[in-house]
Amino acid sequence: MLEVRNLSKRFGGLLAVDDAELTVPEGAIVSLIGPNGAGKTTLFAAIAGFLKPDAGRVTLSGEDITGLTPHDVCRRGLVRTFQVVQPFANLTVRDNIAVGAHTRIRGRADARRHAETIAAELGMSEMLDQPAAALTVAGRKRLELARALATGPTLLLLDEVMAGLNATEIEDIVRVIRGIREAGVTIFLIEHVMQAVMSLSDRTYVLNNGAIISQGTPGEVASDPQVIEAYLGHGASQAITREATAAGGPDA
Amino acid sequence: MSEQTRIAGWTVLLALLVLAPLAITSGRWIEFMELTLFVAVLGQGWNILGGFGGQYSFGHALFFGTGAYIQALLQFKLGWSPWATLWFAIAGGVLVGAFVGYLSFRYGLRGSYFALITLAFAEAFHVLSRSLVAVTEGGRGVALDLNLDPDRALTTFQFNFGGDFLKAYGFYYTILVILMLAYAATWWMEHTRFGAQLVAVRENEDAAEALGIDAFRVKLGAICLSAAITAAAGVYYTQKFLFIDPGIAYGPTKSVEALFAPIIGGLGTVLGPLVGALFLHGLGEFAKETIGLVWEDRPGLDLILFGVVLILVLAFLPRGLVGLLDLAWRRLSGAAPAARKGKADA
Ligand SMILES: Nc1ncnc2c1ncn2[C@@H]1O[C@H](COP(=O)(O)OP(=O)(O)O)[C@@H](O)[C@H]1O
Ligand SMILES: [Mg+2]
């Protein structure tokens, strides 16, 4: 569904995304993990048209979408959410979601009705008349998701929608994301909450210093020494293995 | 406030505006109302782009002046009927709006950059209208021939020497019709996808883009609509005063007047510009009648007052007078304070 080939993005002297290659198959949930500053958000922005890649190609269902504007990309069915939430603060939750719905629905009343349906799916019916500015962190994250979903995407890019949520809220949103996938939407998500990554993803990519250093099932990736080093620092992987062996090891 | 209450409120307001001059027989008060409605039109034009779209222009004189000049020059130079020229005047305003909007929005100018570029364009047109003497008659201005024949008052769009009714009320109803059209446009906007997308762009342009909104196109649409209404105010001005010069057309006064009323009345609300205009001009008249009597002959007194009001509103009433009225209404009707919607509650 989504193919990224040799994508690079440079900010001055910093190579934020370095020759990234990845594939998101239709109907899957694929995750992108990596330490802070690895370039994950930058990669999303480059895919969704917010940043012009310096090199590389992005194709969506076989169509080249490299360098298209974000609104064009959205109309073709790829929509992203923002890590730093970007609500329409003065508008109600209903009107926020209706803006997304207008991508495919012209009429005001129809868009609002669709917004209510989406809100119900995400358990936001109670909040419909509240201004977005009055929502809690969890509410705002969910609103990001609801608005994006209202555009009727085929591929949803979620940037840390679980950050700042408590355990119950995370469980909730994991359920919501599963539901969205079951409804036929492909999902590509950035996440730090490992337990959610492990339980949701069919496939995981690991980004470090802009480059993809590992990929596979969440289980494969989690045991990849390169990944452990990226997260815990140089030599960490060996140290862990040594300790594990000394203690009899988990597999022993 | 429910949709029914709103519609009822609007109907009453409209009836008042239509019937007011028949009750008020004093020419001075009709003159006052006329000026108020004129400022409300300027304000509503500005409000569409500034209030709903969040693009603050400091140079709306650009559209006012272009409308006024085209209306004057096509009659003066080519002898066209004012009823024909007015379409060109409005189209001219839209064209200038599209041009400035294209340049600013294509290059992503926002906030104070956009304000400055509109100001710069207004000044450029100011200078051009002064220097292109062959086209605009330069600093002397354009004075239209006076029609003294009451029978031709309608065809010449000059009501000052018309029959009793036209003479007294002709221009009042002209500006009222323009205001109603401006309000109809705003009403339409509020009930369409275009309006929702414009407000979304105001609230957060990146988020709007992410959700499939072509922010450039939406802003361009808004500036064209805004310019059309403002140019119509220019047409009215030319017909009413039969004179236009570079200072009146493109000077900063009209640009400032255009943004005062909506900011004080309530940005991005339908009613704001009218409420703001009424309040400002009521205050101006009041000042002239009271302070002006004691402290005679101080031109600019009203401007000082307007400035003070503007500062107070900016500091204490982020939603303007309409916000205050709305709050009062909720207190009185016992309704819980609710969120501001994409549209005004008033
Ligand atoms: N607009 C920008 N201009 C310059 N540097 C940026 C910009 N956006 C991100 N960066 C830098 O690029 C790197 C990757 O950032 P980001 O993509 O946000 O990482 P992640 O989402 O993985 O935490 C960081 O070093 C960050 O400081
Ligand atoms: Mg990030």
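> Can you explain the overall build of chain B? Please cite residues and give values.
Broken down by element type, chain B carries 16 helices and two strands. By the compact-globule yardstick of 20 Å for 346 residues, chain B fits well, its C-alpha radius of gyration being 20 Å. For chain B, the proportion of contacts with a sequence separation of at least 24, taken over those separated by at least 6, is 75%. Put simply, chain B shows about 15300 Å² of open surface, and 71% of that area lies on carbon and sulfur atoms.

> Explain the packing of aromatic side chains to me, using residue names and the numbers behind them.
Enumeration over the complete set of coordinates arrives at 27 aromatic pairs over all chains. Seen in terms of ring centroids, Phe165 of chain B and Tyr173 of chain B are 6.1 Å apart; in terms of plane orientation they differ by 10 degrees. Their pairing is stacked. With a relative accessible area of 46%, Phe165 of chain B lands in the partly exposed category. We classify Tyr173 of chain B as buried; its relative accessible area is 19%. An aromatic cluster is defined as three or more aromatic residues linked by ring pairs; in this entry it consists of Phe38, Phe64, Trp83, Phe157, Phe159, Phe171, Tyr236, Tyr237 and Phe241 of chain B. Sitting over the ring of Phe50 of chain A, Arg80 of chain A keeps its end group 4.9 Å from the ring centre. Against the face of Phe88 of chain A rests Arg147 of chain A, its NZ or CZ located 4.6 Å from the ring centre.

> Could you give an account of the sheet that holds strand β8 (residues 186-190) of chain A, naming the residues involved and the relevant values?
All names here are of chain A. One open sheet holds the six strands; their spatial order is β6-β7-β8-β3-β9-β10, and the pairing between them is mixed. The outermost strands of the open sheet, each flanked by one partner alone, are β6 (78-80) and β10 (211-216). Across the sheet, the axes of successive neighbouring strands diverge by a mean angle of 15 degrees, strand direction being ignored. Here strand β3 (residues 29-33) runs beside β8; their pairing, made up of four bridges, is parallel. Considered in β8, the bridge of Val30 is made with Phe188. Packed on one face of the sheet, helix α6 (residues 167-182) meets β3, β7 (155-159) and β8 and runs near 150 degrees to β8. Across the sheet, helix α9 (residues 225-232) touches β3, β9 (203-208) and β10, and the angle it forms with β10 is around 130 degrees.

> Tell me about the sheet that holds strand β1 (residues 2-11) of chain A, residues and numbers included.
Residues and elements named next belong to chain A. In spatial order, the strands read β2-β1-β4-β5; together these four strands make up an open sheet with antiparallel pairing. This sheet does not close on itself; its edge strands, each paired only once, are β2 (14-24) and β5 (63-64). Bridge analysis of β1 against β2 gives seven bridges, and the strand direction is antiparallel. Paired with Arg10 across the bridge in β2 is Leu15.

> Explain unusual backbone geometry to me, and be specific about the residues and the numbers.
Note: most peptide bonds trans; most residues except glycine with negative phi. In this structure, Ser61 of chain A takes a positive phi of about 50 degrees despite not being glycine. Inspection of the secondary structure assignment puts Ser61 of chain A in the loop between β4 (55-60) and β5.

> Describe the nonpolar core, with residues and values.
Buried together is how nonpolar side chains tend to be arranged in soluble globular proteins. Counting residues in hydrophobic clusters, the biggest one holds 136 residues, and the most contacted among them are Ile97, Leu156, Met162 and Ile177 of chain A together with Phe38 and Tyr172 of chain B. Apart from residues lying up to four places away in sequence, Phe38 of chain B is in contact with Phe64, Ile175, Ala233, Tyr236, Tyr237 and Lys254 of chain B. In this structure, Ala38, Leu43, Ala46 and Val73 of chain A belong to the second largest nonpolar core, which totals 28 residues.

> Before we move on, can you summarise a nonpolar patch on the surface with the specific residues and values?
Residues and elements named next belong to chain B. Taken together, the side chains of Leu14, Val18, Leu19, Leu22, Phe165 and Met180 define a hydrophobic patch exposed on the protein surface, amounting to about 510 Å² of accessible area. Sorting the residues of the nonpolar patch by element identifies α1 (3-23) and α7 (164-190) as the ones contributing at least two each. For the nonpolar patch, the leading source of residues is α1, giving four residues. Mapped onto the elements, Val18 comes out in helix α1. With a relative accessible area of 32%, Val18 lands in the partly exposed category.

> Give a detailed account of the site of ligand 1, specifying residues and quantitative values.
Residue and element names in this part refer to chain A. The full set of residues close to ligand 1 is Phe11, Leu14, Ala16, Pro35, Asn36, Gly37, Ala38, Gly39, Lys40, Thr41 and Thr42. Backbone polar atom of Gly37 to an oxygen atom of ligand 1: 2.8 Å apart, as the coordinates give it. At 3.2 Å, a backbone N or O of Ala38 approaches an oxygen atom of ligand 1. The fraction of the free accessible surface of ligand 1 (560 Å²) that becomes covered by protein chains is 58%. At the level of elements, β2 and α1 (40-48) are the ones that each hand at least two residues to the shell around ligand 1. Taken together, the residues of the shell around ligand 1 break down into five nonpolar, five polar and one charged.

> Lay out the interface of chain B and chain A in plain terms, naming residues and giving numbers.
A common way to report how large an interface is uses the accessible area buried once the components associate. Contact with chain B, which involves 24 residues of that partner, is made by 30 residues of chain A. Approximately 2200 Å² of surface area, both sides summed, lies buried where chain B meets chain A, with 58% of it carried by carbon and sulfur atoms. Put simply, chain B and chain A have zero salt bridges between them. Counting residues per element, the side of chain B that touches chain A draws most heavily on helix α8 (residues 193-203) of chain B, which supplies seven residues. Each residue belonging to the side of chain B that touches chain A can be placed in one class, and the counts come to nine nonpolar, six polar and nine charged.

> Tell me about the confidence of the model for chain B, residues and numbers included.
Detailed reading of the predicted model is not advised wherever pLDDT is low. All names here are of chain B. For chain B, mean pLDDT is 88; residues scoring 70 or higher make up 93% of the total. Within the model, pLDDT remains below 50 along residues 338-346, and this stretch shows 39 contacts once partners closer than five positions in the same chain are excluded. Taken over the whole predicted complex, pTM reads 0.90, whereas the ipTM for its chain interfaces reads 0.90.

> I'd like to hear about the environment of Ile311 of chain B, residue by residue, with values.
Residue and element names in this part refer to chain B. Residue placement: Ile311 occurs in helix α15 (residues 301-316). Overall, the relative accessible area of 58% leaves Ile311 in the exposed class. For the pair Ile311 and Leu181, spaced 130 residues apart in sequence, the C-alpha to C-alpha distance is 31 Å.

> Residue-level account of the coordination of the magnesium ion (ligand 2), with values.
Residues and elements named next belong to chain A. Within the protein, the magnesium ion (ligand 2) binds to Thr41 (OG1) and Gln83 (OE1); these donor distances fall in the range 2.0 to 2.1 Å. Highlighted residues: Thr41 in helix α1 and Gln83 in the loop between β6 and α3 (93-101), separated in sequence by 42 residues. Residue classification places Thr41 among the partly exposed positions, given a relative accessible area of 29%.

> Please give an account of the packing of helix α4 (residues 108-121) of chain A against helix α5 (residues 137-150) of chain A that cites residues and values.
Residues and elements named next belong to chain A. In the contact formed by α4 and α5, the axes pass within 10 Å of each other and the chain directions differ by 130 degrees. Overall, the two elements α4 and α5 adopt an arrangement that is oblique. The handedness of the crossing between α4 and α5 is right-handed. Between α4 and α5, the residues in contact are His114, Ile118 and Glu121 and Ala146, Leu149 and Ala150, respectively. The residue inventory of the contact of α4 with α5, partitioned by class, reads four nonpolar, one polar and one charged.

Calculation notes
- Residues numbered from 1 in each chain as written.
- Chains lettered and ligands numbered in written order.
- Predicted model: local features only at pLDDT ≥ 70, side-chain atom pairs only at ≥ 80, totals over all residues.
- Heavy atoms only, no water.
- Helix = DSSP H or I, 4+ residues; strand = E, 2+ residues; numbered from the N terminus.
- Rg over C-alpha atoms; globule rule 2.2 N^0.38 Å.
- Contact = heavy atoms within 4.5 Å.
- Areas by Shrake-Rupley, 256 points an atom, 1.4 Å probe, with all protein chains shown as cover.
- Phe/Tyr/Trp six-rings, centres within 6.5 Å; stacked < 30°, edge-to-face > 60°.
- Buried < 20%, exposed > 50% of the residue type's maximum accessible area, 1.4 Å probe, protein only.
- Lys NZ or Arg CZ within 6 Å of the ring centre and 35° of its normal.
- Pairing = 2+ DSSP bridges.
- Axes fitted to C-alpha atoms, helices over the stretch in contact; angles between N-to-C directions.
- Core = buried A, V, L, I, M, F, W, Y, C linked by side-chain atoms within 4.5 Å.
- Patch = residues over 30% accessible without salt bridge, like charges linked within 9 Å, V, L, I, M, F, W, Y side chains within 5 Å.
- Salt bridge = Lys/Arg side-chain N within 4 Å of Asp/Glu carboxyl O.
- Near = heavy atom within 4 Å.
- Polar contact = N/O pair within 3.5 Å; in protein donor to acceptor, adjacent residues only side chain to side chain.
- Nonpolar A, V, L, I, M, F, W, Y, C, P; charged D, E, K, R; others polar.
- Buried area = accessible area lost by both parts, 1.4 Å probe.
- pLDDT = per-residue confidence, 0-100.
- Donors = N, O, S within 2.8 Å, 3.2 Å for Na, K, Ca; no water.
- Parallel < 35°, antiparallel > 145°, perpendicular 65-115°, else oblique.
- Left-handed = near helix turned anticlockwise from the far one by under 90°.

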